[in-house]
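# Coordinates in review
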Amino acid sequence: MLYYARGSETDCISPEEVRAALKEVFDSLGVRKRVLAIPPDFTRLNSYAGPITEMVYDYYGPALTDVMPALGTHTAMPEHQLREMFGHVPLDLFRVHDWRNDVVTVGEVPASYVKEVSEGKLDYSVPAQVNKLLLDPSFDLILSIGQVVPHEVIGMANYTKNIFVGVGGSEGINKSHYLGATYGMERIMGRADSPVRAVLEYARQNFIKDLPIIYIQTVLAKNESTGKMELRGLFIGDDFECFRRASELSLKVNFIMVEKPIRKCLVYLDPAEFKSTWLGNKAVYRTRMAIADGGSLMVLAPALREFGEDKTIDALIRKYGYKGTPHTLQCTRENEDLRNNLSASAHLIHGSSEGRFSITYCPGPDMTREEIESVGFLYEPLDEVMQKYDVAHLKDGWNTVGGEEIYYISNPALGLWAHPDRFKD
């Protein structure tokens, strides 16, 4: 059922209008005694999920007993991040999702179905796993809150991904990520329907249909005049239609089709948001359909301090590196540590240019040249690159610096960039 739907390419929904929409929906649901909210974590600071979670708390008060950020494989949010993102929501309401230990398998998507949707590339089953808190029968409302935006693993982020990945388990996350990577990222990104989405939708319909989950989906875009993020769409519902509507709008406002392949792309990683290549490689994922063969991608990463946010994943990235699909698939076949962490294999595939263009990381003082080059990237000192390319004076899109044409992206998490030759609808 679709409870609320509003959005367009030019819409700008105010906080007052969001609060009114939520009240309208919550009033229609009737009294709820115990509510669980599942917003994204700090990596989605710009999702508008923080203010919405505050509004949920304002409406339900003591009935909102638990807030569990959808960490997935990310590290837990420290207090300062919780405060910045969720404002006055009491800290004692927050729960930390442990993707390795706190999950329950509620069903198994059969191998025959995975084989069908993957076009025969994989034939393993995928467990549908969720944090055990979701199965507490005293919850009479679970609010899954988040932003719909192009995503490298599943096509479009959020909806059931917030449940089966955001608060899911290691095996389910590993296998779903690997499915997307082996099927082909370019065939998935920007599409609401994908093999990974099909697997999660199968799990929703067959294993958690009785959970009282309502999805609150946002669509945001940057105002080119002010540089500020604006809420273009708000969609609230309990099934695929809510997500489909949000995805259609996101494709219009978050997908940038460049008129020519980019020879040199410069991407800046906000220090508050990006501290690992696990997250920062959005600079690769979101641009590689736009970069020309033989082109170059430069990633300015002042706060980079690690590869993976999880110690196990970090070690695997350091061991195997971003060296392309054939190398990664071979290493996965031959090494148990990768087979046991298929999301790492998927990430290594996503983070490679497959030899089409160069990737240069320019980190701050917490990562060395040796570390960067050991995983297959090129290295340049951040200070030297920032002196040449002053990001404070660059606009998103095409720029000319010293006679050189570059394409600048201030935040790769906000969109998807492609050239028509590499994106076929």
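In the block above lies the structure referred to throughout.
Since this is a predicted model, take the numbers as computed values, not measurements. Throughout, a residue's number is its position along its own chain's written sequence, starting from 1. Thresholds applied to this predicted model are a pLDDT of at least 70 for local features of residues and 80 or more for the giving and counting of side-chain atom pairs; totals over whole chains, interfaces and linings are not thresholded and use all residues. Hydrogens and water are ignored here; the side-chain numbers use all heavy atoms of the structure.

This part covers the packing of aromatic side chains. Working definition: a ring pair exists when centres of Phe, Tyr or Trp rings (six-membered ring for Trp) sit within 6.5 Å. Plane angles under 30 degrees give stacked, over 60 give edge-to-face, the rest tilted. Evaluation of the coordinates by the stated rule reveals 13 aromatic pairs. Taking 6.0 Å as the distance between ring centres and 75° as the angle between the ring planes, the aromatic pair formed by tyrosine 159 and phenylalanine 240 counts as edge-to-face. Separated by 81 residues along the polypeptide, tyrosine 159 in the loop between β8 (155-156) and α5 (160-164) and phenylalanine 240 in helix α9 (residues 240-253) bring together distant segments of the chain. One aromatic cluster is present, built from ring pairs that chain together Tyr159, Tyr215, Phe240 and Phe243. Of note, arginine 34 hangs over the ring of phenylalanine 139, and the distance from its end group to the ring centre comes to 4.1 Å. Criterion for a charge above a ring: Arg CZ or Lys NZ at most 6 Å from the ring centre, at most 35 degrees from the ring normal. One residue, arginine 197, lies across the ring of phenylalanine 243, its end atom 4.1 Å from the ring centre. Each helix corresponds to a stretch of at least 4 residues labelled H or I by DSSP, and each strand to a stretch of at least 2 residues labelled E; elements are numbered beginning at the N terminus.

Only buried residues count toward a nonpolar core, which is a set of Ala, Val, Leu, Ile, Met, Phe, Trp, Tyr and Cys residues joined through side-chain atoms within 4.5 Å. Three labels apply to residues, based on accessible area from a 1.4 Å probe with only protein chains included: buried if under 20% of the type maximum, exposed if over 50%, partly exposed otherwise in between. Counting residues in each nonpolar core, the largest one holds 42 residues, and the members touching the most others are Leu36, Ile38, Val114, Tyr124, Leu134 and Ile163. Within the residue set of this core, elements represented by two or more residues are β2 (35-38), α4 (111-117), β5 (126-131), α5, α6 (170-183), α8 (195-207), β9 (213-222) and α9. With five residues, α9 is the largest single contributor of residues to this core. Residues count as neighbours in contact if any of their non-hydrogen atoms are within 4.5 Å of one another. Those residues in contact with valine 114 that sit more than four places away from it in its chain are Val109, Leu122, Tyr124, Val126, Leu179 and Val199. Core analysis: the second largest hydrophobic core is formed by 39 residues, Ile313, Tyr361, Phe377 and Trp417 among them.

Strand order in the open sheet made by the six strands is β15-β14-β13-β12-β17-β16, with mixed pairing throughout. In this open sheet, the two strands that pair with only one neighbour each are β15 (378-379) and β16 (397-401). In this scheme, strands are said to pair when DSSP sees at least two bridges between them. Bridge count for strand β12 (residues 262-268) against strand β17 (residues 404-409) is three bridges, and the pairing is parallel. Looking at the pairing, leucine 266 lines up with tyrosine 408 of β17.

Here we take up the side chain of threonine 160. Looking at the element boundaries, threonine 160 is found in helix α5. Residue class for threonine 160 comes out buried when judged on its relative accessible area of 0%. Those residues in contact with threonine 160 that sit more than four places away from it in its chain are Val165, Arg197, Leu200, Glu201, Arg204 and Tyr215.

So, on to the packing of helix α1 (residues 15-29) against helix α2 (residues 49-60). Their axes nearest at 10 Å, the elements α1 and α2 cross at an angle of 45°. As far as their axial angle goes, α2 and α1 are oblique. Two packed elements cross with a definite hand, and for α1 against α2 that hand is right-handed. Touching Pro15, Val18, Arg19, Leu22, Lys23, Phe26, Asp27 and Leu29 of α1 are Ile52, Met55, Val56, Asp58, Tyr59 and Tyr60, all from α2. Interaxial angles span 0 to 180 degrees and are taken between N-to-C directions of axes, which are lines fitted to C-alpha atoms, for helices over the stretch in contact. Relative orientations are named as follows: roughly parallel for angles under 35 degrees, roughly antiparallel for angles over 145 degrees, roughly perpendicular for angles from 65 to 115 degrees, and oblique for any other angle. With the far helix as reference, a near helix turned anticlockwise by less than a right angle produces a left-handed crossing, and one turned clockwise produces a right-handed crossing.

Turning our attention to the sheet that holds β9. Adjacent strands of a sheet form backbone hydrogen bonds with each other and so pair up, either parallel or antiparallel. Read from one edge of the open sheet, six strands run β1-β10-β9-β6-β2-β3, paired in mixed fashion. Taken across any chain shown, the strands that pair with only one partner, and hence form the sheet edges, are β1 (2-7) and β3 (64-67). Direction aside, the axes of adjacent strands within the sheet are offset by 20° on average. Alignment of β2 against β3, held across three bridges, turns out to be parallel. In the strand pairing of β3, leucine 36 is matched with aspartate 66. Sheet contacts for α9: β1, β9 and β10 (229-237); angle to β9, the most-contacted strand, approximately 5°.

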